[in-house]
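# Coordinate inspection notes
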Amino acid sequence: MSSHDQGEATDDRSAASVRSLETVTAAVLFALGGVLIADSLRIGAGWTDEGPQSGYFPFYIGLFLCISSLVNFVRAIRDPETAAEAFLTRHQASMVMSLLLPTTIFVIAIGFIGIYVASALLIAWFMHQLGKFPWSHTAPIAISIPAVLFCLFELWFKMPLPKGPLEQLLGVV
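Only a predicted model underlies this, so the values are computations on that prediction, with no experimental measurement involved.

## Digging into a nonpolar patch on the surface
On the surface, F30, L70, F73, V74 and I77 cluster together into a nonpolar patch covering about 420 Å² of accessible area. Sort the elements by how many residues they give to the nonpolar patch and helix 3 (residues 56-78) lands first, with 4 residues. Looking at the secondary structure, you find V74 in helix 3. Overall, V74 belongs to the partly exposed group, its relative accessible area being 38%.

## Here's the deal with the side chain of S40
As for its position among the elements, S40 is in helix 2 (residues 18-43). The class for S40 is buried, based on a relative accessible area of 2%. A polar contact of 2.8 Å, which involves the side chain of S40, links it to the backbone oxygen of L36. At 3.1 Å, the side chain of S40 and the backbone nitrogen of F59 are in polar contact. Those residues in contact with S40, other than ones at most four positions away along the chain, are A45, G55, P58 and F59.

Definitions and cut-offs
Residues numbered from 1 in each chain as written. Predicted model: local features only at pLDDT ≥ 70, side-chain atom pairs only at ≥ 80, totals over all residues. Heavy atoms only, no water. Patch = residues over 30% accessible without salt bridge, like charges linked within 9 Å, V, L, I, M, F, W, Y side chains within 5 Å. Areas by Shrake-Rupley, 256 points an atom, 1.4 Å probe, with all protein chains shown as cover. Salt bridge = Lys/Arg side-chain N within 4 Å of Asp/Glu carboxyl O. Helix = DSSP H or I, 4+ residues; strand = E, 2+ residues; numbered from the N terminus. Buried < 20%, exposed > 50% of the residue type's maximum accessible area, 1.4 Å probe, protein only. Polar contact = N/O pair within 3.5 Å; in protein donor to acceptor, adjacent residues only side chain to side chain. Contact = heavy atoms within 4.5 Å.

Next comes the structure, spelled out in structure tokens:
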């Protein structure tokens, strides 16, 4: 087996089983339902002479969420096939992360460098790194799309979006 084949075999290994993700999802949703129930009880989840209290309907939504999560948790634990069934391979996980990490950095960067510069950088990253486009194709698009969006939102719709130091330097704040 060549080293290339070994790399592909490694990428096809399971990063997460169906069982593990179903149990984690059920536990998280059960916890959210519990928070909903607790807060509904805090503000009042009963029925008064005037009708239902503020927490009446949220209480039952939380209760149904907890019950359905418990059922899903038990089903996931009791089903032996889901323990071996791959939900996500390592290759698929790396593909998800190649999108998630730059997008997360983009969202954080908006607060520091503004949405237009962050958008230009994100577009450039995706086109060059993931799309394998040369810089001669990437740069004009990465610059023109945020410029068009600036005109659309800032000039035509008069809707200001977060700006950073570059826009201040250019006097467009």
